[in-house]
Amino acid sequence: MTPRSFLLTPRLADYVRASSDPLDDVAADLVRETAELAGRGEVSATMQIAPEQGVLMQLLTTALGARTAIEIGTFTGLSALCIARGLPAGGMLLCLDRDPEVTAVARRYWERAGVADRIELRLGDALPALRSLPAEPAFDLAFVDADKTGYAAYVEELHPRLHPNGVVLLDNTLRGGRVLEPQDEDDGALAALNAALAADPRWETALLPLADGLTLLRKR
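What you are looking at is a predicted structure, and each value in this text was computed from that prediction instead of being measured.

Cut-offs used in this document
- Residues numbered from 1 in each chain as written.
- Predicted model: local features only at pLDDT ≥ 70, side-chain atom pairs only at ≥ 80, totals over all residues.
- Heavy atoms only, no water.
- Helix = DSSP H or I, 4+ residues; strand = E, 2+ residues; numbered from the N terminus.
- Rg over C-alpha atoms; globule rule 2.2 N^0.38 Å.
- Buried < 20%, exposed > 50% of the residue type's maximum accessible area, 1.4 Å probe, protein only.
- Contact = heavy atoms within 4.5 Å.
- Areas by Shrake-Rupley, 256 points an atom, 1.4 Å probe, with all protein chains shown as cover.
- Lys, Arg positive; Asp, Glu negative; His and termini not counted.
- Charge placed at Lys NZ, Arg CZ, Asp CG, Glu CD.
- Salt bridge = Lys/Arg side-chain N within 4 Å of Asp/Glu carboxyl O.
- Pairing = 2+ DSSP bridges.
- Axes fitted to C-alpha atoms, helices over the stretch in contact; angles between N-to-C directions.
- Core = buried A, V, L, I, M, F, W, Y, C linked by side-chain atoms within 4.5 Å.

1. Considerations on the overall build of the protein
Alright, step 1. A tally of helices and strands in the protein yields eight helices and seven strands.
Alright, step 2. For 220 residues, the compact-globule estimate of 2.2 N^0.38 gives 17 Å, and the C-alpha radius of gyration of the protein, at 16 Å, lies within 12% of that figure.
Alright, step 3. Referenced to the eigenvectors of the C-alpha coordinate spread, the extents of the protein come out at roughly 45 × 40 × 30 Å.
Alright, step 4. Counting only residues that meet the buried cut, the protein has 47% of its 220 residues in that class.
Alright, step 5. Look at the contacts in the protein between residues 6 or more apart in sequence, and 70% of them connect residues 24 or more apart.
Alright, step 6. For the protein, the exposed area adds up to about 10,400 Å²; of that, 54% sits on carbon and sulfur atoms.
Alright, step 7. Between the centroid of the 22 positive side chains of the protein and the centroid of its 32 negative side chains there is a distance of 3 Å.

2. Brief notes about the pattern of salt bridges
Alright, step 1. In this structure the tally under the stated criterion is 18 salt bridges.
Alright, step 2. One salt bridge in this structure joins E157 and R161, with 3.1 Å as the shortest N-O distance. Summarising the burial analysis for this pair, E157 and R161 share the class buried.
Alright, step 3. When salt bridges with common partners are traced through the structure, they connect R175, R178, D184, D186 and D187 into a single cluster.

3. A word on the sheet that holds strand 7 (residues 214–219)
Adjacent strands of a sheet pair through backbone hydrogen bonds, lying either parallel or antiparallel.
Alright, step 1. The mixed open sheet is built from seven strands, whose spatial order is 3-2-1-4-5-7-6. Looking along the sheet, the strands with just one partner apiece sit at the ends: strand 3 (119–123) and strand 6 (203–208). On average, each strand axis in the sheet is tilted by 15° relative to the strand beside it, whichever way the strands run.
Alright, step 2. As judged from the six bridges shared by strand 6 and strand 7, these two strands associate in the antiparallel manner. Directly across from T205, in strand 7, lies its bridge partner L217.
Alright, step 3. On top of the sheet, helix 5 (residues 100–113) reaches strand 2 (92–97) and strand 3; it is set at about 170° to strand 3, its chief contact.

4. Comments concerning the nonpolar core
Alright, step 1. Judged by nonpolar contacts, the single largest core of 38 residues is most densely connected at L78, L81, L93, W110 and L169.
Alright, step 2. Sorting the residues of this core by element identifies helix 2 (25–39), helix 3 (51–64), helix 4 (78–86), strand 2, helix 5, strand 3, strand 4 (139–144) and strand 5 (162–171) as the ones contributing at least two each.
Alright, step 3. Sequence-distant contacts of L81, defined by excluding residues within four places in its chain, comprise V26, A27, L30, W110, A113 and V115.
Alright, step 4. Listed in part, the 26 residues of the second largest apolar core include Y154, V168, L197 and W203.

If you want it as structure tokens, here you go:
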């Protein structure tokens, strides 16, 4: 099943996609293979971004003129594929993930799309890897789609590593609507983070009702 916003009916989700740029054959095949893996119970279908979110991420990467990007949580690689396609020649995306099996799927599609030379994948726990990077501006764009209880720490570590006006995208910040009445630790972590970010003067913040909630942060 292709991921879609919990706020949309299937018919309206189809309309949204039909009214946006479509995924090309490579990205569509990646979505299809990930759905097949999920159907066999090998991965969780909820871990892949919705196609329309990928279209937006590629558009934003290009519109921002981003040359350097970082992704925390890569899964089968659709988000990285979209970001990498939005980068100019010579642009680089650093991906942090700890699963060699699902990221092997990602690597195949990056190669097929001709963007593998723009992506560096580092396997291991993301937070130590992030903290090992120099605490100075290096990235124009960041995307976070990893363990939800770690989001606050990722945002904190990303701040000094972003250029002024750099943008962070946080995925799943609505948690299927459960941020209103948290039901588990992940829900509670994101509800607390959403409230903290809205009050944090270091960031300009917008939470969009796209897919499962996509928060945009601009470093002031």
